[in-house]
Amino acid sequence: MPDHAHSTDPAVQAQLDRLAALSPGRDILGLERITELCHRLGDPQHRLPPVFHVAGTNGKGSTCAFLRAAIEAQGLTAHVYSSPHLVRFNERIRLAGALIDDALLAALLAEVLDVAKDLQASFFEVTTAAAFLAFARTPADACIVEVGLGGRLDATNIIAAPTVCGIASLGIDHEAFLLAPEADVPAPPHDRIAFEKAGIAKPGAPLVTQAYPASMRAVIGARAAAVGAPLIERGAAWDAAIADGCLAYRDARGALDLPLPAMAGAHQADNAALAVAMLRHQDAVRIDEAAFAAAMTHATWPARMQRLGAGPLTDLLPQGTAVWLDGGHNPDAGIALSRALEGVAPLHIVCGLLANKNAMGFLRPFADRIASFSAVPIPGHEHHDPKDLCWWVQDGLGIVDARPCDNVPTALRQLADARGDVLICGSLYLAGEVLAANGEVPE
(Lines give C-alpha, C1' and ligand atoms only; values in the text may rest on other atoms or scores of the structure.)
Protein backbone atom coordinates (compact mmCIF):
# COMPACT_ATOMS: atom_id res chain seq x y z
CA MET A 1 0.00 0.00 0.00
CA PRO A 2 1.71 3.22 -1.11
CA ASP A 3 1.72 6.36 0.97
CA HIS A 4 -0.12 9.23 -0.67
CA ALA A 5 0.94 12.83 -0.13
CA HIS A 6 -0.32 16.17 -1.29
CA SER A 7 0.77 19.70 -0.44
CA THR A 8 -0.73 23.14 -0.85
CA ASP A 9 2.79 24.43 -1.49
CA PRO A 10 3.58 24.21 -5.24
CA ALA A 11 7.30 23.60 -4.71
CA VAL A 12 6.66 20.72 -2.31
CA GLN A 13 3.96 19.27 -4.57
CA ALA A 14 6.34 19.31 -7.52
CA GLN A 15 8.78 17.13 -5.57
CA LEU A 16 6.00 14.84 -4.32
CA ASP A 17 4.92 14.36 -7.93
CA ARG A 18 8.51 13.42 -8.81
CA LEU A 19 8.56 11.00 -5.90
CA ALA A 20 5.31 9.36 -7.00
CA ALA A 21 6.72 8.86 -10.50
CA LEU A 22 10.06 7.50 -9.28
CA SER A 23 8.89 5.23 -6.48
CA PRO A 24 7.73 1.66 -7.26
CA GLY A 25 4.48 2.58 -5.49
CA ARG A 26 4.55 -0.22 -2.93
CA ASP A 27 6.17 -1.11 0.35
CA ILE A 28 9.53 -2.74 -0.28
CA LEU A 29 11.88 -3.91 2.43
CA GLY A 30 15.66 -4.13 2.37
CA LEU A 31 18.65 -1.95 3.18
CA GLU A 32 20.48 -1.99 -0.15
CA ARG A 33 18.71 0.98 -1.77
CA ILE A 34 18.64 3.24 1.32
CA THR A 35 22.31 2.45 2.03
CA GLU A 36 23.35 3.47 -1.48
CA LEU A 37 21.04 6.50 -1.46
CA CYS A 38 22.46 7.81 1.80
CA HIS A 39 26.01 7.08 0.63
CA ARG A 40 25.42 9.33 -2.37
CA LEU A 41 24.25 12.02 0.05
CA GLY A 42 27.33 11.80 2.26
CA ASP A 43 25.94 9.29 4.79
CA PRO A 44 23.96 11.74 6.95
CA GLN A 45 22.78 8.87 9.16
CA HIS A 46 26.27 8.85 10.73
CA ARG A 47 26.05 12.52 11.77
CA LEU A 48 22.86 12.57 13.85
CA PRO A 49 22.41 13.68 17.46
CA PRO A 50 21.94 10.83 19.98
CA VAL A 51 19.35 8.53 18.40
CA PHE A 52 16.36 6.94 20.16
CA HIS A 53 15.14 4.21 17.76
CA VAL A 54 11.65 2.81 18.39
CA ALA A 55 9.95 -0.23 16.84
CA GLY A 56 6.67 -1.99 17.63
CA THR A 57 3.36 -3.07 16.18
CA ASN A 58 1.31 -0.61 18.22
CA GLY A 59 2.39 2.25 20.45
CA LYS A 60 5.69 3.20 18.85
CA GLY A 61 4.41 6.62 17.73
CA SER A 62 3.02 7.37 21.17
CA THR A 63 6.28 6.22 22.76
CA CYS A 64 8.11 8.68 20.51
CA ALA A 65 5.69 11.42 21.60
CA PHE A 66 6.50 10.75 25.28
CA LEU A 67 10.23 10.73 24.51
CA ARG A 68 9.94 14.09 22.81
CA ALA A 69 7.80 15.56 25.60
CA ALA A 70 10.33 14.51 28.27
CA ILE A 71 13.33 15.82 26.34
CA GLU A 72 11.62 19.15 25.67
CA ALA A 73 10.43 19.42 29.28
CA GLN A 74 14.11 19.22 30.24
CA GLY A 75 14.71 22.31 28.12
CA LEU A 76 16.38 20.36 25.31
CA THR A 77 15.51 19.95 21.63
CA ALA A 78 14.69 16.83 19.63
CA HIS A 79 14.33 15.92 15.99
CA VAL A 80 11.52 13.43 15.30
CA TYR A 81 10.95 11.18 12.28
CA SER A 82 7.54 9.47 12.25
CA SER A 83 5.05 7.96 9.83
CA PRO A 84 2.59 8.06 8.30
CA HIS A 85 1.55 11.68 8.13
CA LEU A 86 -2.11 12.42 8.79
CA VAL A 87 -2.82 15.65 6.93
CA ARG A 88 0.47 17.18 5.76
CA PHE A 89 3.62 15.44 4.61
CA ASN A 90 5.59 17.85 6.84
CA GLU A 91 4.37 15.94 9.93
CA ARG A 92 6.93 13.23 9.19
CA ILE A 93 9.94 15.47 9.87
CA ARG A 94 10.16 17.59 13.01
CA LEU A 95 13.32 19.69 13.31
CA ALA A 96 14.38 20.68 16.83
CA GLY A 97 10.75 20.84 17.90
CA ALA A 98 9.01 22.36 14.85
CA LEU A 99 7.57 20.70 11.76
CA ILE A 100 9.82 21.19 8.76
CA ASP A 101 8.80 24.22 6.68
CA ASP A 102 7.78 23.92 3.04
CA ALA A 103 10.80 25.68 1.54
CA LEU A 104 13.32 23.42 3.26
CA LEU A 105 11.21 20.32 2.62
CA ALA A 106 11.01 21.05 -1.11
CA ALA A 107 14.77 21.63 -1.31
CA LEU A 108 15.59 18.43 0.59
CA LEU A 109 13.27 16.26 -1.49
CA ALA A 110 14.76 17.72 -4.65
CA GLU A 111 18.28 17.00 -3.43
CA VAL A 112 17.46 13.39 -2.61
CA LEU A 113 15.44 12.74 -5.75
CA ASP A 114 18.21 14.14 -7.94
CA VAL A 115 20.55 11.34 -6.83
CA ALA A 116 17.91 8.58 -6.57
CA LYS A 117 16.84 8.33 -10.21
CA ASP A 118 18.33 4.91 -10.98
CA LEU A 119 17.78 3.28 -7.58
CA GLN A 120 14.03 2.55 -7.67
CA ALA A 121 13.92 3.87 -4.13
CA SER A 122 10.56 3.72 -2.38
CA PHE A 123 8.51 6.62 -1.06
CA PHE A 124 9.63 5.77 2.47
CA GLU A 125 13.29 5.40 1.55
CA VAL A 126 13.40 8.82 -0.11
CA THR A 127 11.57 10.37 2.84
CA THR A 128 13.95 8.71 5.30
CA ALA A 129 17.01 10.00 3.45
CA ALA A 130 15.54 13.52 3.38
CA ALA A 131 14.86 13.37 7.12
CA PHE A 132 18.40 12.21 7.91
CA LEU A 133 19.81 15.02 5.79
CA ALA A 134 17.70 17.55 7.67
CA PHE A 135 18.67 16.09 11.04
CA ALA A 136 22.37 16.02 10.22
CA ARG A 137 22.35 19.69 9.20
CA THR A 138 20.26 21.07 12.04
CA PRO A 139 21.56 21.15 15.64
CA ALA A 140 19.51 19.34 18.30
CA ASP A 141 20.12 17.48 21.54
CA ALA A 142 18.44 14.23 20.50
CA CYS A 143 16.95 12.45 17.51
CA ILE A 144 13.85 10.25 17.84
CA VAL A 145 13.31 7.83 14.96
CA GLU A 146 10.20 5.69 14.56
CA VAL A 147 10.52 2.51 12.53
CA GLY A 148 8.25 2.52 9.49
CA LEU A 149 7.60 -1.20 8.90
CA GLY A 150 9.08 -4.10 10.82
CA GLY A 151 12.60 -3.21 11.91
CA ARG A 152 15.25 -5.56 10.56
CA LEU A 153 14.85 -4.42 6.94
CA ASP A 154 13.26 -1.03 7.56
CA ALA A 155 14.99 1.95 5.95
CA THR A 156 15.59 3.56 9.36
CA ASN A 157 17.72 0.58 10.36
CA ILE A 158 20.81 1.93 8.60
CA ILE A 159 21.43 3.88 11.81
CA ALA A 160 24.47 1.96 13.00
CA ALA A 161 25.00 3.34 16.51
CA PRO A 162 21.78 4.44 18.23
CA THR A 163 21.97 5.62 21.81
CA VAL A 164 19.14 3.32 22.85
CA CYS A 165 16.50 1.20 21.10
CA GLY A 166 12.98 0.40 22.27
CA ILE A 167 10.30 -2.09 21.27
CA ALA A 168 6.69 -1.25 22.07
CA SER A 169 3.64 -3.54 21.98
CA LEU A 170 3.89 -6.49 19.58
CA GLY A 171 1.14 -8.15 17.58
CA ILE A 172 0.19 -9.30 14.10
CA ASP A 173 0.07 -6.68 11.34
CA HIS A 174 1.48 -6.21 7.83
CA GLU A 175 1.43 -9.99 7.38
CA ALA A 176 2.25 -9.81 3.66
CA PHE A 177 5.61 -8.19 4.43
CA LEU A 178 6.64 -9.51 7.82
CA LEU A 179 5.37 -13.10 7.70
CA ALA A 180 6.65 -14.19 4.28
CA PRO A 181 8.46 -17.54 4.74
CA GLU A 182 12.25 -17.47 5.04
CA ALA A 183 14.42 -20.35 6.14
CA ASP A 184 16.51 -18.41 8.63
CA VAL A 185 13.78 -16.91 10.81
CA PRO A 186 11.28 -18.32 13.36
CA ALA A 187 8.14 -19.91 11.94
CA PRO A 188 5.32 -19.05 14.41
CA PRO A 189 3.80 -15.69 13.40
CA HIS A 190 4.26 -13.90 16.72
CA ASP A 191 7.85 -15.10 16.99
CA ARG A 192 8.51 -13.94 13.43
CA ILE A 193 7.16 -10.48 14.31
CA ALA A 194 9.43 -10.40 17.36
CA PHE A 195 12.40 -11.36 15.18
CA GLU A 196 11.71 -8.54 12.72
CA LYS A 197 11.25 -5.87 15.40
CA ALA A 198 14.32 -6.99 17.34
CA GLY A 199 16.33 -6.48 14.15
CA ILE A 200 16.93 -2.88 15.27
CA ALA A 201 19.23 -4.13 18.05
CA LYS A 202 22.78 -2.80 17.72
CA PRO A 203 26.06 -3.58 19.48
CA GLY A 204 26.35 -1.79 22.80
CA ALA A 205 23.01 0.02 22.52
CA PRO A 206 20.51 -0.92 25.27
CA LEU A 207 17.43 -2.66 23.84
CA VAL A 208 14.49 -1.73 26.09
CA THR A 209 11.39 -3.89 25.73
CA GLN A 210 7.88 -4.33 27.02
CA ALA A 211 6.74 -7.64 28.52
CA TYR A 212 5.97 -10.37 25.96
CA PRO A 213 5.10 -14.09 25.97
CA ALA A 214 8.00 -16.44 26.66
CA SER A 215 8.64 -17.50 23.07
CA MET A 216 8.80 -13.89 21.85
CA ARG A 217 11.10 -12.97 24.75
CA ALA A 218 13.39 -15.80 23.74
CA VAL A 219 13.56 -14.62 20.14
CA ILE A 220 14.29 -11.03 21.17
CA GLY A 221 16.83 -12.15 23.74
CA ALA A 222 18.66 -14.26 21.18
CA ARG A 223 18.79 -11.37 18.73
CA ALA A 224 20.10 -8.97 21.38
CA ALA A 225 22.76 -11.46 22.48
CA ALA A 226 23.84 -12.12 18.89
CA VAL A 227 24.72 -8.47 18.28
CA GLY A 228 25.86 -7.58 21.80
CA ALA A 229 22.95 -5.33 22.79
CA PRO A 230 22.22 -5.13 26.54
CA LEU A 231 18.63 -6.37 26.99
CA ILE A 232 16.49 -4.22 29.31
CA GLU A 233 13.27 -6.19 29.76
CA ARG A 234 10.10 -5.05 31.47
CA GLY A 235 9.49 -7.21 34.49
CA ALA A 236 13.20 -7.80 34.99
CA ALA A 237 15.27 -4.63 34.56
CA TRP A 238 12.32 -2.27 34.93
CA ASP A 239 8.60 -2.27 35.54
CA ALA A 240 5.62 0.05 35.88
CA ALA A 241 2.01 -0.10 37.02
CA ILE A 242 -0.96 2.17 37.57
CA ALA A 243 -1.36 2.53 41.34
CA ASP A 244 -3.27 5.07 43.44
CA GLY A 245 -3.92 7.28 40.43
CA CYS A 246 -0.24 7.42 39.46
CA LEU A 247 2.15 5.70 37.10
CA ALA A 248 4.49 3.88 39.47
CA TYR A 249 7.78 3.23 37.67
CA ARG A 250 10.82 1.47 39.10
CA ASP A 251 14.24 0.26 37.99
CA ALA A 252 17.68 -0.21 39.52
CA ARG A 253 18.14 3.57 39.77
CA GLY A 254 15.05 3.92 41.97
CA ALA A 255 11.33 4.59 41.78
CA LEU A 256 9.27 7.36 40.20
CA ASP A 257 5.66 8.20 40.99
CA LEU A 258 4.44 10.07 37.93
CA PRO A 259 1.09 11.53 36.90
CA LEU A 260 -0.98 9.36 34.59
CA PRO A 261 -0.70 10.34 30.93
CA ALA A 262 -3.19 12.88 29.65
CA MET A 263 -3.57 10.76 26.51
CA ALA A 264 -6.65 8.56 26.80
CA GLY A 265 -6.40 4.83 27.40
CA ALA A 266 -4.52 2.65 29.87
CA HIS A 267 -2.25 1.50 27.04
CA GLN A 268 -0.74 4.99 26.99
CA ALA A 269 0.64 4.37 30.47
CA ASP A 270 2.56 1.43 29.00
CA ASN A 271 3.89 3.57 26.15
CA ALA A 272 4.89 6.33 28.57
CA ALA A 273 6.64 3.82 30.82
CA LEU A 274 8.65 2.47 27.88
CA ALA A 275 9.78 6.01 27.04
CA VAL A 276 10.83 6.55 30.67
CA ALA A 277 12.76 3.26 30.66
CA MET A 278 14.55 4.17 27.43
CA LEU A 279 15.59 7.54 28.82
CA ARG A 280 16.69 6.03 32.14
CA HIS A 281 18.90 3.42 30.45
CA GLN A 282 21.12 5.73 28.40
CA ASP A 283 23.68 8.38 29.26
CA ALA A 284 23.64 10.80 26.33
CA VAL A 285 20.64 12.86 27.45
CA ARG A 286 19.90 13.58 31.11
CA ILE A 287 16.24 13.85 32.15
CA ASP A 288 15.19 14.68 35.71
CA GLU A 289 12.04 13.61 37.55
CA ALA A 290 10.26 16.93 36.99
CA ALA A 291 10.68 16.57 33.23
CA PHE A 292 9.32 13.02 33.32
CA ALA A 293 6.29 14.25 35.26
CA ALA A 294 5.72 17.08 32.81
CA ALA A 295 5.92 14.70 29.87
CA MET A 296 2.99 12.68 31.18
CA THR A 297 0.64 15.62 30.88
CA HIS A 298 2.22 17.39 27.90
CA ALA A 299 2.60 14.52 25.43
CA THR A 300 0.07 14.39 22.62
CA TRP A 301 -0.21 12.18 19.55
CA PRO A 302 -3.08 12.88 17.15
CA ALA A 303 -5.60 10.23 16.10
CA ARG A 304 -4.85 8.00 19.08
CA MET A 305 -8.04 8.09 21.15
CA GLN A 306 -8.21 11.80 20.39
CA ARG A 307 -11.37 13.60 21.37
CA LEU A 308 -12.29 15.90 18.51
CA GLY A 309 -13.03 19.52 19.24
CA ALA A 310 -15.69 21.76 17.79
CA GLY A 311 -15.60 21.83 14.00
CA PRO A 312 -17.56 21.18 10.82
CA LEU A 313 -17.77 17.42 11.47
CA THR A 314 -18.59 17.40 15.18
CA ASP A 315 -21.15 20.16 14.58
CA LEU A 316 -23.19 17.58 12.64
CA LEU A 317 -23.97 15.79 15.92
CA PRO A 318 -26.00 16.84 18.97
CA GLN A 319 -24.20 19.33 21.17
CA GLY A 320 -22.10 17.61 23.82
CA THR A 321 -21.64 14.37 21.88
CA ALA A 322 -18.17 12.95 22.52
CA VAL A 323 -16.49 12.11 19.21
CA TRP A 324 -13.32 10.03 19.45
CA LEU A 325 -10.81 9.42 16.67
CA ASP A 326 -8.39 6.51 16.60
CA GLY A 327 -6.27 5.20 13.75
CA GLY A 328 -5.81 1.70 15.20
CA HIS A 329 -6.47 -1.08 12.70
CA ASN A 330 -5.26 -4.48 13.96
CA PRO A 331 -6.49 -6.96 16.60
CA ASP A 332 -4.19 -5.71 19.35
CA ALA A 333 -5.32 -2.14 18.66
CA GLY A 334 -8.89 -3.38 18.99
CA ILE A 335 -8.08 -4.81 22.43
CA ALA A 336 -6.51 -1.51 23.52
CA LEU A 337 -9.57 0.38 22.28
CA SER A 338 -11.85 -1.98 24.16
CA ARG A 339 -10.03 -1.19 27.40
CA ALA A 340 -9.98 2.54 26.69
CA LEU A 341 -13.72 2.49 26.01
CA GLU A 342 -14.63 0.50 29.11
CA GLY A 343 -17.93 1.79 30.47
CA VAL A 344 -18.74 3.70 27.26
CA ALA A 345 -22.14 2.61 25.96
CA PRO A 346 -23.97 3.05 23.72
CA LEU A 347 -21.17 3.47 21.19
CA HIS A 348 -21.67 4.41 17.55
CA ILE A 349 -18.86 3.33 15.23
CA VAL A 350 -17.83 4.97 11.97
CA CYS A 351 -15.20 2.70 10.45
CA GLY A 352 -13.06 2.37 7.34
CA LEU A 353 -10.37 -0.30 6.96
CA LEU A 354 -7.69 -0.91 4.36
CA ALA A 355 -8.16 -4.04 2.28
CA ASN A 356 -5.19 -5.80 3.91
CA LYS A 357 -6.51 -5.44 7.46
CA ASN A 358 -8.27 -8.06 9.59
CA ALA A 359 -11.61 -6.32 10.05
CA MET A 360 -13.20 -8.86 12.39
CA GLY A 361 -10.05 -9.22 14.47
CA PHE A 362 -9.98 -5.45 14.98
CA LEU A 363 -13.69 -4.99 15.77
CA ARG A 364 -14.44 -8.09 17.83
CA PRO A 365 -12.86 -6.91 21.13
CA PHE A 366 -15.36 -4.06 21.53
CA ALA A 367 -18.28 -5.42 19.49
CA ASP A 368 -20.50 -5.87 22.56
CA ARG A 369 -20.56 -2.09 23.02
CA ILE A 370 -21.50 -1.16 19.46
CA ALA A 371 -25.00 0.27 19.14
CA SER A 372 -24.64 1.13 15.45
CA PHE A 373 -22.02 0.64 12.78
CA SER A 374 -21.43 2.88 9.78
CA ALA A 375 -18.88 1.69 7.22
CA VAL A 376 -17.09 4.19 4.99
CA PRO A 377 -14.47 4.06 2.21
CA ILE A 378 -10.93 5.42 2.57
CA PRO A 379 -10.37 7.84 -0.32
CA GLY A 380 -7.30 7.12 -2.42
CA HIS A 381 -6.53 3.73 -0.85
CA GLU A 382 -7.54 0.12 -1.40
CA HIS A 383 -10.11 -0.58 1.30
CA HIS A 384 -12.73 -3.07 2.37
CA ASP A 385 -16.01 -2.40 0.60
CA PRO A 386 -18.35 -0.74 3.13
CA LYS A 387 -21.11 -3.18 2.13
CA ASP A 388 -18.83 -6.11 2.95
CA LEU A 389 -17.91 -4.60 6.32
CA CYS A 390 -21.58 -4.23 7.19
CA TRP A 391 -22.34 -7.80 6.18
CA TRP A 392 -19.45 -9.12 8.26
CA VAL A 393 -20.42 -7.27 11.44
CA GLN A 394 -24.08 -8.24 11.04
CA ASP A 395 -23.33 -11.89 10.36
CA GLY A 396 -20.24 -12.37 12.52
CA LEU A 397 -20.74 -9.94 15.40
CA GLY A 398 -24.52 -9.73 15.61
CA ILE A 399 -24.66 -5.95 15.12
CA VAL A 400 -28.08 -5.37 13.58
CA ASP A 401 -27.80 -1.65 12.89
CA ALA A 402 -25.05 -1.58 10.25
CA ARG A 403 -25.10 0.64 7.18
CA PRO A 404 -22.68 1.56 4.39
CA CYS A 405 -22.12 5.29 3.88
CA ASP A 406 -20.39 7.29 1.17
CA ASN A 407 -18.22 9.26 3.60
CA VAL A 408 -17.79 10.32 7.22
CA PRO A 409 -20.04 13.43 7.04
CA THR A 410 -22.90 11.31 5.70
CA ALA A 411 -22.38 8.77 8.49
CA LEU A 412 -22.42 11.50 11.15
CA ARG A 413 -25.56 13.12 9.74
CA GLN A 414 -27.32 9.78 10.08
CA LEU A 415 -26.39 9.80 13.77
CA ALA A 416 -27.96 13.21 14.40
CA ASP A 417 -30.65 11.69 16.61
CA ALA A 418 -28.44 9.06 18.26
CA ARG A 419 -27.42 9.14 21.90
CA GLY A 420 -24.00 8.02 23.09
CA ASP A 421 -20.37 8.45 22.09
CA VAL A 422 -19.08 8.22 18.53
CA LEU A 423 -15.80 6.51 17.59
CA ILE A 424 -14.31 7.06 14.14
CA CYS A 425 -11.71 4.35 13.64
CA GLY A 426 -9.93 1.80 11.49
CA SER A 427 -7.24 3.71 9.61
CA LEU A 428 -4.70 6.49 10.08
CA TYR A 429 -5.38 7.52 6.50
CA LEU A 430 -9.07 7.92 7.33
CA ALA A 431 -8.09 9.76 10.51
CA GLY A 432 -6.15 12.26 8.44
CA GLU A 433 -9.20 12.94 6.30
CA VAL A 434 -11.27 13.48 9.46
CA LEU A 435 -8.79 15.86 11.06
CA ALA A 436 -8.57 17.94 7.89
CA ALA A 437 -12.34 18.07 7.50
CA ASN A 438 -12.79 19.13 11.15
CA GLY A 439 -10.10 21.80 10.94
CA GLU A 440 -7.68 20.10 13.36
CA VAL A 441 -4.43 19.95 11.40
CA PRO A 442 -1.54 18.57 13.52
CA GLU A 443 1.15 21.13 14.38
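In what follows, the structure referred to is the one given above.
Conventions we followed
- Residues numbered from 1 in each chain as written.
- Predicted model: local features only at pLDDT ≥ 70, side-chain atom pairs only at ≥ 80, totals over all residues.
- Heavy atoms only, no water.
- Helix = DSSP H or I, 4+ residues; strand = E, 2+ residues; numbered from the N terminus.
- Rg over C-alpha atoms; globule rule 2.2 N^0.38 Å.
- Buried < 20%, exposed > 50% of the residue type's maximum accessible area, 1.4 Å probe, protein only.
- Contact = heavy atoms within 4.5 Å.
- Areas by Shrake-Rupley, 256 points an atom, 1.4 Å probe, with all protein chains shown as cover.
- Axes fitted to C-alpha atoms, helices over the stretch in contact; angles between N-to-C directions.
- Parallel < 35°, antiparallel > 145°, perpendicular 65-115°, else oblique.
- Left-handed = near helix turned anticlockwise from the far one by under 90°.
- Nonpolar A, V, L, I, M, F, W, Y, C, P; charged D, E, K, R; others polar.
- Pairing = 2+ DSSP bridges.
- Salt bridge = Lys/Arg side-chain N within 4 Å of Asp/Glu carboxyl O.

Colleague: I would appreciate a short explanation of the overall build of the protein in the present structure.
Modeller: The secondary structure content of the protein amounts to 15 helices and 17 strands. For a compact globule of 443 residues, the expected C-alpha radius of gyration is about 22 Å, and the protein comes in at 21 Å, within 12% of that figure. Its C-alpha atoms give the protein principal-axis dimensions of about 55 × 55 × 45 Å. Per-residue burial for the protein yields a buried fraction of 56% across its 443 residues. Across the protein, every contact between residues at least 6 apart in sequence was considered, and the portion connecting residues at least 24 apart equals 75%. About 17,000 Å² of surface is accessible on the protein, with carbon and sulfur atoms providing 52% of the total.

Colleague: Before we go on, may I ask you to explain the packing of helix α7 (residues 189-197) against helix α8 (residues 214-227) in this structure?
Modeller: Helix packing for two helices is described by the angle between their axes and how far apart those axes are. Put simply, α7 and α8 touch, their axes get as near as 9 Å, and they point 30° apart. By the criterion of interaxial angle, the relationship of α7 to α8 is roughly parallel. Relative to α8, α7 is oriented so that their crossing is right-handed. Two secondary-structure elements touch here, α7 through H190, D191, A194 and F195 and α8 through S215, M216, V219 and I220. Each residue belonging to the contact of α7 with α8 can be placed in one class, and the counts come to five nonpolar, two polar and one charged.

Colleague: How should the sheet that holds strand β11 (residues 254-259) be read in this particular structure?
Modeller: Within a sheet, neighbouring strands are paired by backbone hydrogen bonds and run either parallel or antiparallel to one another. Read across the open sheet, the three strands follow the order β9-β10-β11; overall the sheet is antiparallel. Two strands lie at the open edges of the sheet, namely β9 (238-243) and β11, each paired on one side alone. With direction set aside, neighbouring strand axes in the sheet form an average angle of 20°. Running at roughly 35° to strand β10 (residues 246-251), helix α9 (residues 267-280) makes contact with β9, β10 and β11 of the sheet.

Colleague: What am I meant to see in the pattern of salt bridges here?
Modeller: Under the defined criterion, the tally for this structure stands at 16 salt bridges. A salt bridge links R18 to D114; the shortest N-O distance between them is 2.9 Å. Within this pair, whereas R18 is found in helix α1 (residues 10-22), its partner D114 is found in helix α4 (residues 102-115), the two being separated by 96 residues in sequence. Note that D251 and R280 form a salt bridge whose closest N and O atoms lie 2.8 Å from each other. Of this pair, D251 sits in strand β10 while R280 sits in helix α9, placing them 29 residues apart in sequence. Each member of the pair D251 and R280 is classed as buried. A single network of salt bridges, built from pairs that share partners, joins R234, D239, R250 and D270.

Colleague: What is the right way to look at the pairing of β10 in this model?
Modeller: Remember that side chains alternate between the two faces of the sheet whenever the strand is regular. Residues of β10 alternate between two faces, with L247, Y249 and D251 buried on one and C246, A248 and R250 left unburied on the opposite face. In this structure, β9 lies alongside β10, joined through six bridges in antiparallel fashion. Bridging across to β10, D239 finds its partner in R250. Connecting β9 to the antiparallel partner β10 that follows it, the hairpin turn spans two residues, and D244 within it adopts a positive phi of roughly 55°. Where β10 folds back onto β11 in an antiparallel hairpin, the turn is made up of two residues.

Colleague: Would you mind going over the sheet that holds strand β8 (residues 231-233) with me for this structure?
Modeller: Strand order across the open sheet formed by eight strands is β4-β3-β2-β5-β1-β6-β7-β8, with mixed pairing between neighbours. Since the sheet does not close on itself, it has two edges, and those belong to β4 (98-99) and β8, each with one partner. Pairing of strand β2 (residues 78-81) with strand β5 (residues 142-146), which is carried by four bridges, proceeds in the parallel orientation. Residue pairing in the sheet places V80 in a bridge with I144 of β5. Along the sheet, helix α5 (residues 123-137) makes contact with β2, β3 (93-95) and β5, crossing β3 at roughly 0°.

Colleague: Where do I start with helix α10 (residues 289-298) in this structure?
Modeller: Think of an α-helix as 3.6 residues a turn; residues three or four steps apart then line up on the same face. All of the buried residues in α10 are A291, F292, A294, A295 and M296. Buried residues along α10 sit in contact with α3 (60-73), β10, β11 and α9.

Colleague: Please clarify how the pairing of strand β17 (residues 421-425) should be interpreted in this entry.
Modeller: With five of its five residues buried, β17 lies for the most part within the structure. With burial as the criterion, each face of β17 is covered, one bearing D421, L423 and C425 and the other bearing V422 and I424. Relative to β17, strand β13 (residues 323-326) runs parallel, the two sharing four bridges. Each bridged residue has a counterpart across the sheet, and for D326 the counterpart in β17 is C425. Across five bridges, the pairing between strand β14 (residues 347-351) and β17 is parallel. Note on β17: the bridge partner recorded for C351 is C425.

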